Amino acid sequence: MDIDHTQDESSLIDRALAGDRDAFEQLFGCYREVLMAMLTRMAGNSYDAGDLLQETFIKAFLNISKYNSRYRFSQWIAAIARNTFIDHYRQRDARDDMMRVDPASTGDLIVDNPEELIIIDERRRQMEHNIDALGENYRKIIDMRYYQGLSYEEIAEELGIPVGTVKTRLFRAKERLGGLINKK
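None of the values given here were measured: they were computed from a predicted structure.

Analysis parameters
- Residues numbered from 1 in each chain as written.
- Predicted model: local features only at pLDDT ≥ 70, side-chain atom pairs only at ≥ 80, totals over all residues.
- Heavy atoms only, no water.
- pLDDT = per-residue confidence, 0-100.
- Contact = heavy atoms within 4.5 Å.
- Core = buried A, V, L, I, M, F, W, Y, C linked by side-chain atoms within 4.5 Å.
- Buried < 20%, exposed > 50% of the residue type's maximum accessible area, 1.4 Å probe, protein only.
- Helix = DSSP H or I, 4+ residues; strand = E, 2+ residues; numbered from the N terminus.
- Phe/Tyr/Trp six-rings, centres within 6.5 Å; stacked < 30°, edge-to-face > 60°.
- Axes fitted to C-alpha atoms, helices over the stretch in contact; angles between N-to-C directions.
- Parallel < 35°, antiparallel > 145°, perpendicular 65-115°, else oblique.
- Left-handed = near helix turned anticlockwise from the far one by under 90°.
- Nonpolar A, V, L, I, M, F, W, Y, C, P; charged D, E, K, R; others polar.

Caption draft 1: Spatial organisation of the confidence of the model for the chain. Overall, the predicted model of the chain reaches an average pLDDT of 77, with 78% of residues at or above 70. Below pLDDT 50 for its whole length, residues 1-5 participates in 15 contacts with residues either more than four positions away or in separate chains. For the stretch residues 94-111, pLDDT sits under 50, and the model shows 25 contacts to residues farther than four places along the chain or on other chains.

Okay, here's the thing in structure tokens:
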């Protein structure tokens with residue numbers, strides 16, 4: 001998720017902060033594919049992921065002045081994408097108790113019937129519920145590794161803990177998550 005040349009990214013960030021729209025578009029373009037892959041995994045289809053990516057772009061552009069250089073741009077933009085996904089599904093869930101399937105909204109999912117889409121959505125909700133049931137340390141590690149796509153080293157740096165501790169917490173988090181899943 002990082003640009004090869006930190007200096008290039010830093011220059012683009014400085015220009016974007018100064019109001020250079022082209023610099024912001026170049027910067028966002030560097031992360032577009034990774035964000036799309038992340039949002040597709042989270043949303044379950046590329047149709048919703050495309051909408052979420054556009055919304056992420058708009059939010060990031062409107063809030064670039066709030067970017068804090070203490071954090072990597074990749075972390076900042078991934079957090080916006082993740083929060084955009086969460087907000088989208090919270091709003092949708094508030095409107096509907098159950099997912100209504102519109103053939104136009106299924107995008108390129110390889111699913112033949114609406115029942116399968118409902119099952120997929122319910123499994124996603126159950127997984128989110130199970131992750132929420134984990135302790136804060138475990139939930140944070142899962143978020144950073146699987147939703148933000150950070151490496152063990154990046155997580156260790158962000159949390160100020162050794163890489164070994166990151167691996168141990170991630171192992172234990174997956175173990176507990178497996179236990180929660182098997183209970184149901």
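Caption draft 2: Representation of the nonpolar core. One finds Leu-35, Phe-73, Trp-76, Ile-77, Phe-85 and Ile-142 to be the most contacted residues of the largest nonpolar core, which totals 44 residues. Secondary-structure elements contributing two or more residues to this core are helix H1 (6-17), helix H2 (21-43), helix H3 (46-62), helix H4 (73-95), helix H6 (136-147), helix H7 (152-159) and helix H8 (163-183). With 10 residues, the top contributor of residues to this core is H2.

Caption draft 3: Examining the packing of aromatic side chains more closely. Within the structure shown, the criterion is met by eight aromatic pairs. Aromatic pair Phe-24 and Phe-57: ring centres 5.3 Å apart, planes at 55°, arrangement tilted. In this pair, Phe-24 is assigned in helix H2 and Phe-57 in helix H3, connecting sequence segments 33 residues apart. Residue Phe-24 is classed as buried on the basis of its relative accessible area of 1%. Judged by relative accessible area, Phe-57 falls into the buried class, the value being 18%.

Caption draft 4: Geometry of the packing of H6 against H7. Axis separation between H6 and H7 bottoms out at 10 Å; the angle between their running directions is 135°. For the element pair H6 / H7, the angle class is oblique. Taken as a pair, H6 and H7 cross one another with a handedness that is right-handed. Across the interface between the two elements, Lys-140, Ile-141, Met-144 and Arg-145 from H6 touch Tyr-152, Ile-155, Glu-158 and Leu-159 from H7. The residue inventory of the contact of H6 with H7, partitioned by class, reads five nonpolar, no polar and three charged.

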